[in-house]
Amino acid sequence: MPLLTKAAADPAAPLTKTGPDGPPGEGRRPRRPLGRHNLYGWLFSTPFLVLFAVFMAFPIVATLLMSFTDFGALHVTRPLEAEFVGLENYTKLFEDDRFLKALFNTAYFVVVGVPLTILLGLLVAILLNNGIDRARTFFRVGFYAPVVTAIVAVAVVWRFVLDPSDGLIAGLAAELGLRAPDFLGSETWAMPSLIAMAVWRNLGTVMVLFIAGLQAIPADVREAARLDGAGAWQEMRRITVPLLRPTMLYATVITSIGYLNVFEEPFVMTQGGPSDATLTVSLDMYREGFNFFHMGYASAMAYVLFVVIMGITVLQLRLLKDNTR
């Protein structure tokens, strides 16, 4: 029942509600106009909105417009003089052998690198979560360290490991009476070498995700499976992997996006060589835009890559939704 005001003590006074549905009374603050709250919210959001518009929204829109023009070095100071060419940049892309080679190399990098990263990350996470008791924190930090290490430092380490004359692998091969190949100078071995480097760098991120997923699995589910006589392999196949499916697909999505944008590894280690064997779409885009100043053409490359990434991401998210109902 609604509470009554002090008018209840005076029978001649009208009854007044002081509950949530009545007019403002004792113990209740008057409502502020909603517009004032909205104004405060917009004022506090203004710095972020300005930065987002200047450094994110404007470049995105400008790049899209540039992809339909012949924008080049001469148009940097006079952008309005760029000539509109319609879809010409996009049609040229699929007639460009170098771009098609870069697209193939990027697909190769993703198809081989993503499964390796996911499987090794899952294996390491299981070992660190269940199989290793001592120095567990040390191993977790060790596996995650490459993620936060600068690419220049990583390149120095991997150049030493892969050097065909004085490298670590060459020394081990010499001890066995074998000769190590020129990993970064061979068209056959250059891309697998970069994939190995990328897997090593990104293993820590996937490991952390899987450790979080493993620790979220209820212990009573595992105990019930063991009481029913399930072995280690059956527990892995019937319990761990199904319950890790959302984590696994999330890790696959973010790893695929990163590998589709692969740039640092080939840029630092091989510059796209030998003979464009490690040329990726991002590296080709960088060359066209900043070496040859074909900025309109490079912008078209960027949006083709964007469409590819968007399509693959939507497909993977649909799989995630369908398999976790």
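Before reading further, recall that the structure is shown in the block above.
Residues numbered from 1 in each chain as written. Predicted model: local features only at pLDDT ≥ 70, side-chain atom pairs only at ≥ 80, totals over all residues. Heavy atoms only, no water.

> Even after reading the chapter, I still don't get the environment of Leu 116, so can you show me in this structure?
Here Leu 116 shows up in helix α3 (residues 97-131). The residues contacting Leu 116, other than those within four sequence positions of it, are Ile 195 and Val 199. (Helix = DSSP H or I, 4+ residues; strand = E, 2+ residues; numbered from the N terminus. Contact = heavy atoms within 4.5 Å.)

> Please explain helix α7 (residues 190-215) as it appears in this structure.
Given 3.6 residues per turn, any residue in an α-helix points the same way as the ones three and four places further on. Compared with the 38 Å implied by 1.5 Å per residue over 26 residues, the 38 Å span of α7 between its first and last C-alpha is a close match. At Asn 202, α7 shows its largest bend, some 40 degrees. (Expected span 1.5 Å × (residues − 1). Bend = angle between axes of the 7 residues up to and from the residue.)

> Looking at this structure, I do not really get a nonpolar patch on the surface. What am I missing?
On the surface, Trp 42, Phe 48, Leu 49, Val 50, Leu 51, Phe 52, Val 54, Phe 55, Met 56, Ile 60, Val 61 and Leu 65 cluster together to form a nonpolar patch covering roughly 1,200 Å² of accessible area. Its place among the elements puts Val 61 in helix α1 (residues 34-66). (Patch = residues over 30% accessible without salt bridge, like charges linked within 9 Å, V, L, I, M, F, W, Y side chains within 5 Å. Areas by Shrake-Rupley, 256 points an atom, 1.4 Å probe, with all protein chains shown as cover. Salt bridge = Lys/Arg side-chain N within 4 Å of Asp/Glu carboxyl O.)

> How should I be thinking about the nonpolar core in this particular structure?
Nonpolar side chains in soluble globular proteins tend to end up buried together. If you look at the biggest cluster of nonpolar residues, it comprises 55 residues, and the most contacted ones within it are Leu 93, Phe 109, Phe 210, Tyr 259 and Met 269. Of all the secondary-structure elements, those providing two or more residues to this core are α2 (88-93), α3, α5 (151-162), α6 (168-175), α7, α10 (245-260), α12 (281-291) and α13 (295-322). Counting residues per element, this core draws most heavily on α7, which supplies 12 residues. For Phe 109, the residues in contact, after removing those within four places along its chain, are Val 114, Met 191, Leu 194, Ile 195, Ala 198, Tyr 259 and Val 262. (Core = buried A, V, L, I, M, F, W, Y, C linked by side-chain atoms within 4.5 Å. Buried < 20%, exposed > 50% of the residue type's maximum accessible area, 1.4 Å probe, protein only.)

> So what exactly am I meant to see when it comes to the pattern of salt bridges here?
If the charged atoms of two oppositely charged side chains come close together, the side chains can form a pair. Using the criterion set out here, one finds 6 salt bridges in the structure. Between Arg 98 and Asp 276 there is a salt bridge, with the nearest N and O atoms lying 3.7 Å from each other. Highlighted residues: Arg 98 in helix α3 and Asp 276 in the loop between α11 (264-269) and α12, separated in sequence by 178 residues. Judged by relative accessible area, Arg 98 falls into the partly exposed class, the value being 32%. With its nearest N and O atoms 3.8 Å apart, the salt bridge here joins Asp 276 to Arg 287. Separated by 11 residues along the polypeptide, Asp 276 in the loop between α11 and α12 and Arg 287 in helix α12 bring together distant segments of the chain. Its relative accessible area of 15% is what places Arg 287 among the buried residues. Through salt bridges that share partners, Arg 98, Asp 276 and Arg 287 make up one connected network.

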